[in-house]
Amino acid sequence: MTINPEKLVTVALAERAYDIHIGAGLLNRADALLKDYARGNRLLVITDSQVERHILPRFESAIAKAGLTAETFILPSGEAAKCWSQLEALTDWLLHHHAERSDYLIALGGGVVGDITGFAAHIVKRGCNFVQIPTTLLAQVDSSVGGKTAINSKAGKNLIGAFHQPALVLIDPNVLGSLPGRELAAGFAEVVKYGLIDSPEFFEFCETHVERFFAGDAEIREEIILHSVRAKARIVAADETELSGVRALLNLGHTFGHALEAQTGFSDRLLHGEAVAAGMALAFRYSVRLGLCNEADATRVTALLTAAKLPTNLCEAGAVTSGAELTAHMMHDKKVSGGTLPFLLVKGIGQTFLSNEVDLGDIARFLDSEAQK
Ligand code: GLY
């Protein structure tokens, strides 16, 4: 794979099309990119308490160059903020500031900030605009692109939400410098996923450069983010609302992962990206068991995830339990339809496909064998 200088990706969705700008140091140039998105000279910014400390001051200095100021709503940091009470507080704040449909809300933060801001943008006055400035790797390569917005409910994660595409996405890989190592690794799981879905070349690129990526090599980070965003944009443009099955490929590892997250209480014990990593390794080993995939590919997947310090089995995920218990969690997955669970399987690295014929009893037996490892 060659390093490509192009740093603008367009999500081709006709009247909802938008650009994603990617560049080291972009946050410091946000003034030029955001001045058209301000109301008067003010931006309505939604962020969280972590980002407020580490990144917001840099953002405010950047926009000040264009004479802009930010009215800022601070969410508590963490998944618990994706709830009805914070949504109510945020929408009240937006209405208090007379947010109008033509306004652009700015989501400055990780997936939680992007998800709740996008959902607020969808419902306030039946739809405002919003801009995503993702500050975690997972948000940069996955959740900021594609318009999935949501909050959690007592019944599960992301069950109250809407598709609402942003108007613009700004990605500055330099902001990852303040991200805890564990969160960087969790985002890397979603990066690896793009190679596993349909790009053996990108998977190989990740294998070759994993150490440089985690050592902070700016060029490699930018290239890996750029490739991931291009892949996500292509998939979203092909199947915006997950109707045709193309976007469902992004769920590789997520059904096993969902069960592991449920088993660990959807808590910091196992981050979403960590669960996806273990879930992808399990999907590969299950595909080997079915005779669909060769063992060498499954071993390569485990080796790359291990190099990124990600879990690849039930024990490392802290979720050793019976297969029956884990498959019971799977039946609460929002992908269940008519009592059956579509499952992502693989024929090899870069060859993911959707199967509607997976037998959950067999998955339970497989997970029982995994629990012995
Ligand atoms: N994160 C999966 C999707 O955007 O469809």
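Residues numbered from 1 in each chain as written. Predicted model: local features only at pLDDT ≥ 70, side-chain atom pairs only at ≥ 80, totals over all residues. Heavy atoms only, no water.

What to know about the environment of Val 346
And then number 1: Assignment of secondary structure puts Val 346 in strand S10 (residues 343-346).
And then number 2: Along the chain, Val 346 and Thr 91 lie 255 residues apart, while their C-alpha atoms are 42 Å from each other.
And then number 3: If near-sequence neighbours (up to four positions away) are discounted, Val 346 is found in contact with Leu 252, Ala 283, Phe 284, Ser 287, Leu 292, Cys 293, Gln 351, Thr 352 and Phe 353. (Helix = DSSP H or I, 4+ residues; strand = E, 2+ residues; numbered from the N terminus. Contact = heavy atoms within 4.5 Å.)

Observations regarding the site of the ligand
And then number 1: Neighbouring residues of the ligand: Asp 142, Lys 148, Lys 232, Arg 247 and Leu 250.
And then number 2: Within the side chain of Lys 232, one N or O atom sits 2.7 Å away from an oxygen atom of the ligand.
And then number 3: Surface burial for the ligand is 88%, taken as the share of its 200 Å² of free accessible area covered by protein chains.
And then number 4: Here the shell around the ligand is built from residues that sort into 1 nonpolar, no polar and 4 charged. (Near = heavy atom within 4 Å. Polar contact = N/O pair within 3.5 Å; in protein donor to acceptor, adjacent residues only side chain to side chain. Areas by Shrake-Rupley, 256 points an atom, 1.4 Å probe, with all protein chains shown as cover. Nonpolar A, V, L, I, M, F, W, Y, C, P; charged D, E, K, R; others polar.)

Overview of the pairing of strand S6 (residues 129-134)
And then number 1: In terms of burial, S6 is largely enclosed, as 5 of its 6 residues are buried.
And then number 2: For strand S5 (residues 104-109) and S6, the ladder comprises 6 bridges, and the chain directions are parallel. The residue of S6 that forms the bridge with Leu 108 is Ile 133.
And then number 3: The pairing of S6 with strand S9 (residues 168-171) spans 2 bridges and is parallel. Within the sheet, the bridge partner assigned to Gln 132 lies in S9 and is Val 169. (Buried < 20%, exposed > 50% of the residue type's maximum accessible area, 1.4 Å probe, protein only. Pairing = 2+ DSSP bridges.)

Comments concerning the sheet that holds strand S4 (residues 69-75)
And then number 1: The strand order across the open sheet built from 7 strands is S1-S2-S9-S6-S5-S3-S4, with neighbouring strands paired in mixed fashion. In this open sheet, the two edge strands, each paired with only one partner strand, are strand S1 (8-11) and S4. Each adjacent strand pair in this sheet contributes to an overall mean axis angle of 20°, direction not counted.
And then number 2: In the packing of helix H4 (residues 84-96) onto the sheet, the strands contacted are strand S3 (42-48), S4 and S5, and the crossing angle to S4 comes to about 160°.
And then number 3: The strands that helix H9 (residues 218-238) touches are S1, strand S2 (18-22) and S9; relative to S1, the one it contacts most, it runs at about 15°. (Axes fitted to C-alpha atoms, helices over the stretch in contact; angles between N-to-C directions.)

Here we look at the pairing of strand S11 (residues 352-355)
And then number 1: Examined bridge by bridge, S10 and S11 share 4 bridges and lie antiparallel to one another. When the bridges of S11 are listed, Leu 345 appears paired with Phe 353.

Observations concerning unusual backbone geometry
And then number 1: With a phi close to 60°, Arg 126 is a non-glycine residue in the positive phi region.
And then number 2: Tracing the backbone shows Arg 126 in the loop between helix H5 (111-123) and S6.
And then number 3: For Arg 126, a relative accessible area of 76% translates into the label exposed.
And then number 4: A positive phi angle, near 60°, is found at Asn 158, a position not held by glycine.
And then number 5: Inspection of the secondary structure assignment puts Asn 158 in strand S8 (residues 156-163).
And then number 6: Here Asn 158 falls in the partly exposed class, since its relative accessible area comes to 26%.

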